[in-house]
Amino acid sequence: MAKMYYEKDCDINQLNGKKIAIIGYGSQGHAHALNLRDSGCDVIVGLRKGKSWDSAEKDGFTVMTVAEATKAADIIMILMPDEKQAETYKKEIGPNLTEGKAIAFAHGFNIRYEQIVPPAGVDVFMAAPKGPGHTVRSQFVAGKGVPCLVAVEQNPSGKAYDIALAYIAGIGGARAGIMETTFSDETETDLFGEQTVLCGGIVQLMKCGFETLVEAGYEPENAYFECIHELKLIIDLIVVKGIAGMNYSISDTAEFGEYVSGPRVLPADIVKENMRAILSDIRDGSFAGRWIMENQCGRTYFNSKRKELAKHPMEVVGDQLRKNMLWAGADQSMDEISK
């Protein structure tokens, strides 16, 4: 059973007298910085000149170059995209990461695959909210929090866990619960979940369902509603009530269809065989190597697939429907989601 921590286990005073540098001011970066400041922490932001720099200054932060922020801070939280971290670390963070400082991550990719190897005298911890940045911020403002993962890779100070828990309390995660893990476990399970279920699996399933109905002569709008739009309603029920609770809320006809047709769409033996192969690629570094090489070679495949998806009929129809629906944007705008 994984160990859990809550507010009573976290002493945010561990951050007193420590300057925290948030490297990156995107989805997670802006949320961490704002939440920590609202929790009374001393926060600066490390960036390159550009749009994010202006946004952070507008929000009232002292903004420095990444190198300057690393020099000035006691705790350096890297919240840049995975593919940009290693180069930035090599050029601007590593040379200024002196003994006694702590470096932190919200995802273990670069530590797990040794793209970043911090010096021995530096604490290395993970504070990973299990939700997008806009939710980390909105939940905090509402007096709530997003569940987080905590892990410590290096602990020369002997206080890395205390600092990590204090940091997570500062961004609101202790209000919801903190689960202890390791950098390797977080990285491998996160990549696996994204590829097989949350992103890769779900998108492929929605696409196939949409295409099957349209190819059979049904209106694309009907196909979109049945195979894509309603997915959020089902997931919301599962998040709150679990699968059994979701089944209680839907019709008995739908539940019966789940039992008889789900295994026909996704035969467990075939699906799990494919999933095991994907997990093997993640664990042995094959996927990481491919992603690293993709970025080094100009993202040709990545960009072509992104353009291809944007032109898919389910995306075209979906865009038109969302613009004409009264519920579109009721919860939050895409501008907010993309912060």
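Everything here concerns the structure above.
Given the structure is predicted, the values throughout are model-derived calculations rather than measurements.

Caption draft 1: Quick peek at the packing of aromatic side chains. Applying the stated criterion across every chain yields a total of 6 aromatic pairs. For the pair Tyr25 and Phe61, a centre-to-centre distance of 6.0 Å together with 70 degrees between the ring planes defines the contact as edge-to-face. Of this pair, Tyr25 sits in the loop between strand S2 (19-23) and helix H1 (27-38) while Phe61 sits in the loop between helix H2 (51-58) and strand S4 (62-64); the two residues are 36 residues apart in sequence, bridging distant segments of the chain. Accessibility classification places Tyr25 together with Phe61 in one group, the buried group. Its guanidinium or amino end placed over the ring of Tyr301, Arg290 lies 5.4 Å from that ring's centre, counting from NZ or CZ.

Caption draft 2: Quick look at the pairing of strand S6 (residues 102-105). Residue alternation in S6 divides its side chains into two sets, Ala102 and Ala104 and Ile103 and Phe105, and both sets are buried. The sheet contact formed by strand S5 (residues 75-78) and S6 spans 4 bridges and is parallel. By the bridge assignment, Ile75 is partnered in S6 with Ala102. A crossover connection joins S5 to the parallel S6 through helix H4 (residues 82-93); in handedness this β-α-β unit is right-handed.

Caption draft 3: Region of interest: the side chain of Thr70. Position of Thr70 relative to the elements: it lies in helix H3 (residues 66-72). Judged by its relative accessible area of 0%, Thr70 falls in the buried class. Within the structure, Thr70 has its side chain in polar contact with the backbone oxygen of Val66 (distance 2.8 Å). Apart from the residues within four sequence positions on either side, Thr70 is in contact with Ile76, Glu92, Ile93, Asn96, Leu97 and Lys101.

Reading guide: rules and limits
Residues numbered from 1 in each chain as written. Predicted model: local features only at pLDDT ≥ 70, side-chain atom pairs only at ≥ 80, totals over all residues. Heavy atoms only, no water. Phe/Tyr/Trp six-rings, centres within 6.5 Å; stacked < 30°, edge-to-face > 60°. Helix = DSSP H or I, 4+ residues; strand = E, 2+ residues; numbered from the N terminus. Buried < 20%, exposed > 50% of the residue type's maximum accessible area, 1.4 Å probe, protein only. Lys NZ or Arg CZ within 6 Å of the ring centre and 35° of its normal. Pairing = 2+ DSSP bridges. Right-handed = clockwise from strand over helix to strand, strands pointing away. Polar contact = N/O pair within 3.5 Å; in protein donor to acceptor, adjacent residues only side chain to side chain. Contact = heavy atoms within 4.5 Å.

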